[in-house]
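# Descriptive structure summary
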Amino acid sequence: MKKIFAAILFLFLTIGTACAKQQVVGFVTGASGLGDLSFNDMSYGGIRKAQQEFNFKLIILEPEKNGELKIENFIKLIRQSDILILVGAQHAELVKKTAPNYPDKKFIINEVPVAGIPNVSSVSFEQAEGSFLAGALAAMTSRTGKIGYIGATPVPPVLKFEKGYVAGAKYAVPDIKVEVDYLNPLNDFSGFDAPAKGYNVAMGQYGDGVDIIFTVAGLTGNGVIEAARRSGKLAIGVDSDQDSLAKGFVLTSMIKKLDVAAYNELKAVMQGNFSPGPTSYGLKEDGVGLSAMKYTRDKIPAEALKRIEDIRKKIINGEIKVELKK
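Definitions and cut-offs
- Residues numbered from 1 in each chain as written.
- Predicted model: local features only at pLDDT ≥ 70, side-chain atom pairs only at ≥ 80, totals over all residues.
- Heavy atoms only, no water.
- Helix = DSSP H or I, 4+ residues; strand = E, 2+ residues; numbered from the N terminus.
- Buried < 20%, exposed > 50% of the residue type's maximum accessible area, 1.4 Å probe, protein only.
- 1 Å grid on protein atoms, 1.4 Å probe; cavity = no way out; pocket = protein on both sides within 12 Å on 5 of 7 lines; lining within 4 Å.
- Points joined across faces, edges and corners; volume = space filled by probe spheres on them.
- Nonpolar A, V, L, I, M, F, W, Y, C, P; charged D, E, K, R; others polar.
- Axes fitted to C-alpha atoms, helices over the stretch in contact; angles between N-to-C directions.
- Parallel < 35°, antiparallel > 145°, perpendicular 65-115°, else oblique.
- Left-handed = near helix turned anticlockwise from the far one by under 90°.
- Contact = heavy atoms within 4.5 Å.
- Phe/Tyr/Trp six-rings, centres within 6.5 Å; stacked < 30°, edge-to-face > 60°.
- Lys NZ or Arg CZ within 6 Å of the ring centre and 35° of its normal.
- Pairing = 2+ DSSP bridges.
- Expected span 1.5 Å × (residues − 1).
- Salt bridge = Lys/Arg side-chain N within 4 Å of Asp/Glu carboxyl O.

## Some details on unusual backbone geometry
Generally, phi is negative for residues other than glycine and the peptide bonds are trans, each holding for most cases. Its identity as a non-glycine residue notwithstanding, Ser32 has a phi of 85 degrees, on the positive side. Tracing the backbone shows Ser32 in the loop between strand E1 (24–28) and helix H2 (39–54). With a relative accessible area of 16%, Ser32 lands in the buried category. Of note in this structure, Glu111 is not a glycine but carries a positive phi near 105 degrees. Checked against the element boundaries, Glu111 lands in the loop between strand E4 (106–110) and strand E5 (120–125).

So, in C-alpha cells, the structure goes:
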C-alpha cells in the first residue's frame, strides 16, 4: 500500500511540475538597444545566463531611436510578462508610475535606485568609485596634461561618471585640465545612439590638446574609440571591457557589472527571494572596476599602476571617500 501511495504521489508531483507555467521575463533595454557592446549587451549576458539556468521565456523590447519607450508597448509587455527587467535611467519614472498598477508583477530596474514600491527591486552602481580610478589613471598617463570626458546626456548616473572621473584626476594630478562635453541636453537619450556625433566631438577634443577621453555614451562611445584610433590618441571604455575594440588605443575600461546584477536579481526572483528596494554595487562588492589593460600596460608608468591599486584599496577601506559635489 505504501508503495502504491508513493507511486501516486510521485505521479502527481511529476504532473504538477510538468504543468507548471513557464515564467516570462520582459527585458527592456536602454537607449541604443542591443548591439551596443556596452551596458545593454552586458545586461543581456546576465539575463541569458539566468535564462539557461531557470528556463524562462524572454521577450525583448527596445526603445525608439530617441531613447523613448512607447507606453502602449510597455503596457503590452507588462501584461505578457511575470517579471520585468529594465536597464537605464530613462525608465525610472515609467516604472514608478506603472508598477503600483500591477502588484502581481515584479519589476527590476538597473542603474538607478527606486525605493518604497513593494514590487520593485532596483540596482545602482557606485560608478563614481570606478570612474575615480579611471580619472586618476588618465591624469597620470596623460602626456599633454589635458584629458577629456564625453557623456550622452547629463542624467544623474552619467553625471556620477563625470564627477568621479574629474575628482580622481584632480586627486592624482591636481593641475590636470579636464574638458567635458555632453552630446545632448538633459533627458535627450538619443545621445546614446550617435557614434558619428561622438566621433566628431572626440576629434574636436583631441584637436584641443586632449590625449585621453573617457566616454559614457553607449553605442556612441564606439565613435569616440574610433576617433582615438584614427588620431593615435587614447580612449577609456565604459560598462563592459571595451579594450579590444581598438587594441592599444583604449587605455582601460571602467567596467560596471550589469551582467552580475541582472543575473543576481533574476536568480533571487526565481528562487522566491525577491527583495524590493535598492541594492548598490561598488568597488567593495566588486561591482565596478578597471579592466586588465592588457593592450596598453606598456603605455602606463609602473608607478601609476601601483598608485591606482593603492587608491582602490583606500576607497574600499574608507580612507578615500568619493564625495561628489553638486
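Past the structure itself, the notes keep going.
## Quick word on empty space enclosed by the protein
A probe as big as a water molecule, rolled over the atoms, marks out the empty space that is left. Across all of its chains, the model carries one cavity of 30 Å³ or more by this definition. When its volume is computed, the largest cavity comes out at roughly 140 Å³. Lining the largest cavity are 18 residues, with Phe39, Glu111, Pro157, Val158 and Phe192 sitting closest to its centre. Only helix H6 (156–172) and strand E9 (234–239) provide two or more residues apiece to the lining of the largest cavity. Among the elements that make up the lining of the largest cavity, the one with the highest residue count is H6 (three residues). Residue composition of the lining of the largest cavity, grouped by class: 12 nonpolar, three polar and three charged.

## Thoughts on the packing of helix H5 (residues 127–141) against H6
Look at H5 against H6: their axes get within 6 Å of each other, and the N-to-C directions meet at 40 degrees. Judged on the interaxial angle alone, H6 and H5 are oblique. As H5 packs across H6, the resulting crossing turns out to be right-handed. Contacts from Gln127, Ala128, Ser131, Phe132, Ala134, Gly135, Ala136, Ala138, Ala139 and Met140 of H5 reach H6 at Pro157, Lys160, Phe161, Gly164, Tyr165, Ala167, Gly168, Ala169, Tyr171 and Ala172. Grouping the amino acids of the contact of H5 with H6 by side-chain chemistry returns 14 nonpolar, five polar and one charged.

## So, the packing of aromatic side chains
For the coordinates displayed, the defined rule picks out 10 aromatic pairs. Between Phe132 and Tyr171 the ring centres are 5.5 Å apart and the planes differ by 50 degrees, which places this aromatic pair in the tilted class. Pair noted here: Phe132 is in helix H5 and Tyr171 is in helix H6, with a separation of 39 residues, a long-range link. For Phe132, a relative accessible area of 5% translates into the label buried. Of the aromatic side chains, those joined through ring pairs into one cluster are Tyr149, Phe161, Tyr165, Tyr182 and Phe214. Positioned above the aromatic ring of Tyr263 is the side chain of Lys49, whose terminal nitrogen or guanidinium carbon lies 4.3 Å from the ring centre. Looking at Lys106, its charged tip hangs above the ring of Phe274, at a distance of 5.7 Å from the centre.

## Some details on the sheet that holds E1
If you walk across this open sheet you meet the six strands as E2-E1-E3-E4-E5-E11, and the pairing is parallel. Edge positions in the sheet fall to strand E2 (57–61) and strand E11 (277–281), since each has one partner strand and no second. Taking the axes of each pair of neighbouring strands and ignoring which way they run, one obtains an average angle of 20 degrees across the sheet. In this sheet, E11 lies alongside E5 in parallel orientation, the contact comprising five bridges. Note on E11: the bridge partner recorded for Phe125 is Tyr281. Running at roughly 165 degrees to E4, helix H9 (residues 258–270) makes contact with E1, strand E3 (83–87), E4, E5 and E11 of the sheet.

## Side note on the sheet that holds strand E12 (residues 288–290)
Spatially, six strands are ordered E7-E6-E8-E9-E10-E12 in an open sheet, and the strand pairing comes out mixed. The outermost strands of the open sheet, each flanked by one partner alone, are strand E7 (177–182) and E12. Ignoring strand direction, the axes of neighbouring strands in this sheet form an average angle of 15 degrees. Where strand E6 (residues 146–151) meets strand E8 (residues 212–216), four bridges bridge the pair, whose relative direction is parallel. Across the sheet, Gly148 pairs through a bridge with Ile213, a residue of E8. Relative to E6, H6 is tilted by about 170 degrees, and along the sheet it contacts E6, E7, E8, E9 and strand E10 (250–256). Against the sheet, helix H8 (residues 220–231) touches E6, E8, E9 and E10, its axis set at about 160 degrees to E9.

## Some points on H8
Its 12 residues give H8 an end-to-end C-alpha distance of 17 Å, which sits within 8% of 16 Å, the value for a rise of 1.5 Å per residue. What H8 keeps buried is the set Thr220, Gly221, Gly223, Val224, Ile225, Ala227 and Ala228. Buried positions along H8 lie against E6, helix H7 (195–207), E8, E9 and E10. In the segment just after H8, Gly232 is the residue with positive phi, at about 75 degrees.

## Section: the pattern of salt bridges
Side chains that carry opposite charge are capable of pairing whenever their charged atoms lie near each other. With the rule as written, the count across this model stands at 10 salt bridges. With its nearest N and O atoms 3.0 Å apart, the salt bridge here joins Lys257 to Asp286. With Lys257 in the loop between E10 and H9 and Asp286 in the loop between E11 and E12, the pair connects residues that are 29 residues apart, well separated along the chain. Given a relative accessible area of 22%, Lys257 falls into the partly exposed group. A salt bridge links Arg312 to Glu309; the shortest N-O distance between them is 2.8 Å. Pair noted here: Arg312 and Glu309 are both in helix H10 (residues 302–316), with a separation of three residues, about one helical turn. Owing to a relative accessible area of 29%, Arg312 belongs among the partly exposed residues under this scheme.

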